[in-house]
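The chain contents come next:
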Amino acid sequence: MSGEYDAEYRRAREEPRAYWAEAAAAVDWHRQPQTVLDDDHPPFTCWFPDGELNACHNALDRHVEAGRGEQTALIYDSPVTGSVQRFSYRELRDRVARFAGALRALGVETGDRVVIYMPMVPEAAIAMLACARIGAVHSVVFGGFAANELAVRIDDVRAKLVVAASCGIEPGRLVPYKPLLDQAIELARYKPEACIVFQREQQPAELIAGRDLDWRELEAAAEPVACVPVPAGHPLYVLYTSGTTGQPKGVVRDTGGCVVSLLWSMHKVYGVAPGDVFWAASDVGWVVGHSYIVYGPLFNGSTSILYEGKPVGTPDPGAYWRVISEHGVKVFFTAPTAFRAIKKEDPQAAHLQRYDLSGFEALFLAGERCDPDTLGWAQEHLGVPVLDHWWQTELGWPACANCRGIELLPVVPGSPTKPVPGFVLEVLDSQGRPLPAGEIGALVLRLPLPPGTFTGLWGNEERFVKAYFSTFPGYYETGDAGYIDADGYVFVMARTDDVINVAGHRLSTGAMEEVLAAHPDVAECAVIGVADPMKGQLPLGMVVLKDGVDRDPATICAETVALVRQHIGPVAAFKLCIAVPRLPKTRSGKVLRGTMRAIADGAHWKQPATIDDPAVLDEVGSALAVLGYPPPRDA
Ligand code: COA
Ligand code: AMP
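Residues numbered from 1 in each chain as written. Chains lettered and ligands numbered in written order. Predicted model: local features only at pLDDT ≥ 70, side-chain atom pairs only at ≥ 80, totals over all residues. Heavy atoms only, no water.

Engineer: Looking at this structure, how should I read the site of ligand 2?
Structural biologist: Close contacts around ligand 2 come from 14 residues, with His 389, Thr 393, Asp 480, Arg 495 and Arg 506 the closest. Between ligand 2 and the protein, one listed contact pairs an oxygen atom with a side-chain N or O atom of Thr 393 at 2.5 Å. For ligand 2, whose unbound accessible area comes to 490 Å², protein coverage reaches 91%. Of the residues assigned to the shell around ligand 2, the class counts are three nonpolar, five polar and six charged. (Near = heavy atom within 4 Å. Polar contact = N/O pair within 3.5 Å; in protein donor to acceptor, adjacent residues only side chain to side chain. Areas by Shrake-Rupley, 256 points an atom, 1.4 Å probe, with all protein chains shown as cover. Nonpolar A, V, L, I, M, F, W, Y, C, P; charged D, E, K, R; others polar.)

Engineer: Explain the state of the cysteines here, please?
Structural biologist: Across all of its chains, the model carries zero disulfides by this definition. Residue Cys 403 stays outside any disulfide, its sulfur separated by 9.2 Å from that of Cys 400, the closest cysteine. (Disulfide = S-S within 2.5 Å.)

Engineer: Would you mind showing me how to read the domain arrangement of the protein here?
Structural biologist: You'll often see interface size given as the accessible area lost when the parts meet. Domain annotation of the protein identifies domain 1 (4–309 + 389–482) and domain 2 (503–626). Taking the mean C-alpha position of each, domain 1 and domain 2 sit 33 Å from one another. With 17 residues of domain 1 at the interface, the matching set in domain 2 holds 14 residues. Between domain 1 and domain 2 lies a buried interface of about 1,200 Å² when both sides are counted; carbon and sulfur atoms form 47% of it. Note that Glu 394 is salt-bridged to Arg 506, the shortest N-O span being 2.9 Å. For the pair domain 1 and domain 2, the interface holds six residue pairs in polar contact (both at pLDDT 80 or more). Of the residues that constitute the side of domain 1 that touches domain 2, the class distribution is four nonpolar, 10 polar and three charged. (Domains from an automatic or database assignment. Contact = heavy atoms within 4.5 Å. Buried area = accessible area lost by both parts, 1.4 Å probe. Salt bridge = Lys/Arg side-chain N within 4 Å of Asp/Glu carboxyl O.)

Engineer: Before we go on, may I ask you to explain the pattern of salt bridges in this structure?
Structural biologist: Close approach of charged atoms allows side chains with opposite charge to pair. Enumeration over the complete set of coordinates arrives at 37 salt bridges. Here Glu 8 makes a salt bridge to Lys 268, at a shortest N to O gap of 2.7 Å. Taken together, the residues Glu 8 in helix H1 (residues 4–14) and Lys 268 in helix H9 (residues 255–268) connect sequence positions 260 residues apart. On the accessibility criterion, Lys 268 (23% relative accessible area) is partly exposed. A salt bridge links Glu 368 to Arg 340, with the shortest nitrogen-to-oxygen separation between them at 2.8 Å. You can see Glu 368 sitting in the loop between strand S19 (362–365) and helix H13 (372–382) and its partner Arg 340 sitting in helix H12 (residues 336–345), a full 28 residues away along the chain. Here the two residues Glu 368 and Arg 340 agree in accessibility, since each one is buried. The structure contains a network of salt bridges with shared partners spanning Lys 178, Asp 182, Arg 211 and Asp 212. (Helix = DSSP H or I, 4+ residues; strand = E, 2+ residues; numbered from the N terminus. Buried < 20%, exposed > 50% of the residue type's maximum accessible area, 1.4 Å probe, protein only.)

Engineer: I tried to follow the packing of aromatic side chains on my own but got confused; where do I start?
Structural biologist: What the rule picks out here adds up to 42 aromatic pairs. With a centroid separation of 5.7 Å and an interplanar angle of 80 degrees, the aromatic rings of Phe 198 and Trp 215 are classed as edge-to-face. Note that Phe 198 is positioned in strand S11 (residues 194–198) and Trp 215 in helix H8 (residues 215–221), a separation of 17 residues in sequence. Neither Phe 198 nor Trp 215 differs from the other in exposure class; each is buried. Seen in terms of ring centroids, Phe 339 and Trp 377 are 6.2 Å apart; in terms of plane orientation they differ by 75 degrees. Their pairing is edge-to-face. Of the two residues, Phe 339 is situated in helix H12 and Trp 377 in helix H13; the sequence distance between them amounts to 38 residues. The two residues Phe 339 and Trp 377 agree in class, both being buried. Members of the aromatic cluster, each reached through a chain of ring pairs, are Phe 44, Phe 454, Phe 464, Tyr 468, Phe 469 and Tyr 476. A cation over an aromatic ring shows up here: Arg 153 above the ring of Phe 145, its NZ or CZ 4.6 Å from the ring centre. (Phe/Tyr/Trp six-rings, centres within 6.5 Å; stacked < 30°, edge-to-face > 60°. Lys NZ or Arg CZ within 6 Å of the ring centre and 35° of its normal.)

Engineer: Any chance you could explain the sheet that holds strand S23 (residues 425–428) here in plain terms?
Structural biologist: Two modes of strand pairing occur in sheets, parallel and antiparallel, and in both the strands are linked by backbone hydrogen bonds. Read from one edge of the open sheet, four strands run S23-S24-S26-S27, paired in antiparallel fashion. Edge strands, defined here as strands with exactly one partner in the open sheet, are S23 and strand S27 (490–495). Recorded for the sheet is a direction-independent mean angle of 50 degrees between the axes of neighbouring strands. Note: S23 against strand S24 (residues 441–446), four bridges, orientation antiparallel. (Pairing = 2+ DSSP bridges. Axes fitted to C-alpha atoms, helices over the stretch in contact; angles between N-to-C directions.)

Engineer: Please clarify how helix H3 (residues 55–68) should be interpreted in this entry.
Structural biologist: Since there are 3.6 residues in each turn of an α-helix, residues three or four apart along the chain are aligned in direction. In this model, H3 (14 residues) spans only 17 Å end to end at C-alpha, well below the 20 Å of a helix rising 1.5 Å per residue. Those residues of H3 that sit buried are Ala 55, Cys 56, His 57, Asn 58, Ala 59, Leu 60, Asp 61, His 63 and Val 64. Lining the buried residues of H3 we find strand S3 (52–53), helix H4 (89–105), helix H5 (122–133), strand S14 (235–241), H9 and helix H10 (287–299). Between the side-chain oxygen of the N-cap and the backbone nitrogen of Cys 56 there are 2.7 Å, and the N-cap of H3 in question is Asn 54. (Expected span 1.5 Å × (residues − 1).)

Structure below.
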């Protein structure tokens, strides 16, 4: 039937309270909310303010109580360790209840913060759910971040406890987490009371007596505890994401909005039913991992897959097809970069022939712009709808999508389709005036935002208001630029700030510049995101050396590369750096990063009228050429 999307969208827009009250009825509340939305002090809104619930109860206990106890809740598939492990809803509930008991026994109370620094092991999900069970607020830190980034997060969130694993496993190398953890605690001004370490056999860690505790021993000795109901506005988690500076933003997600929105989206966006197998190939350290590896599928009574591996090399570019066929995945979600990696190694998709994907129904892509080539390749070889969708850590769930659970709309390459019911998207010019169809401007969302979107930045109300709600009063500023065409399809083109997207990972060039600027020989620097055929973008640094420095510039650049890896982590993928005599600037001293990016990408660019000295652009062009930018057209 057609018109269903339009009808749902209109209803959510015109009667948001009634619409979301209906969605909230699918949730198990300890105390039913009587008020749907408290919007008295925008942008500080609270959905279901007088409701009480527990996220872990909604993820696990309610399904066990409803007779789903023996159904598989979680499949841990780990090609890097050669293991597959299944947890039924009952088994997962029991392990979570016991680990929650261990946390409680260590004095973790409702509202206390727990940092989780773990690779893709089931214990990461267990730790998250255990926090939720007792109302503790988890903050997961991605394993590819360095000790310094971990320290910044421990300090900002004031973690009472850290839960970590002894090591992670990247193809071809072990990543020892424990030295990074020790270093982070050394660096942190705010010292956690204890660290729980999950020992992995691939590389157990030495524990520090009096501070470190062994996960298995604690879990074995613990008494299971029940779920603690919390107010809907109680934070379920804080997740740090990159902003324009080195200080990451602690995105706060409330419990009620999160449960309501994720449950709704499993049905309406992804078209996944209880009992279906859903797989999001991401990492628990990102918002996709929070929403669609752990919480969403479990709130929905589905089976989720926690995959510790890569799209290629673990062991081959058929890895995703194996998982989909072996576990009966119905709907799969990953980032376009993963498909570009597969396509590069297996352009004809020969590995696909080895697997039966007859139960596979849809592929969702997000995390970065989906280029039409990748979309076309996936469509051709998979023969299922390939659906781009757009969202952000702050939003928590998709803001634009082809909602296959409502009505599958025609796919338009390059577009994540249309706004999801609940999100009122507009395109504004720099003065805040609405732009006509087809014209590029700032993508903004009208307030109030729907349930499940962020309710603040941890401990920083001022930054919350200033960064997102001050440029366009009455709107949330997404930080993305794009347009809406005459048919209502949305096109997301680029960031409007200094955030870049590398292999689907959101990174701050500002944070990298802070590291480069700290090098003793560097006077000035700029980091830009340059186009990369596989990762979408790569960071590229340009440094101006201090007068009188006579060391080899290449050595200094190599040192800056090592510094970024050491301070931010390998995930920054910062490998390109070159010394330049000067940086191009406007007469008022603003570095012309956009122009440098256009030169590096071989895109059309115009000399900015405000440029101080046009000759600098030639110098930059010569330096970029040394690094191979712009790449030859047929590369
Ligand atoms: N722990 C430690 N190190 C990690 C890590 C982790 N969890 N994740 C990545 N790294 C390291 C990598 O090993 C790599 O190190 P190297 O410089 O020594 O090679 C570096 O960080 C950069 O990683 P990445 O940008 O992911 O590049 P890659 O070449 O290892 O892999 C892809 C490229 C495309 C295969 C990979 O990015 C991928 O699978 N992406 C899928 C998309 C995704 O997960 N997106 C998340 C949001 S949906
Ligand atoms: P993150 O907060 O890490 O999820 O990153 C969010 C950012 O990634 C967005 O602001 C966009 O810039 C980009 N992004 C995510 N999904 C898409 C998409 N489908 N199309 C274009 N850009 C996207």
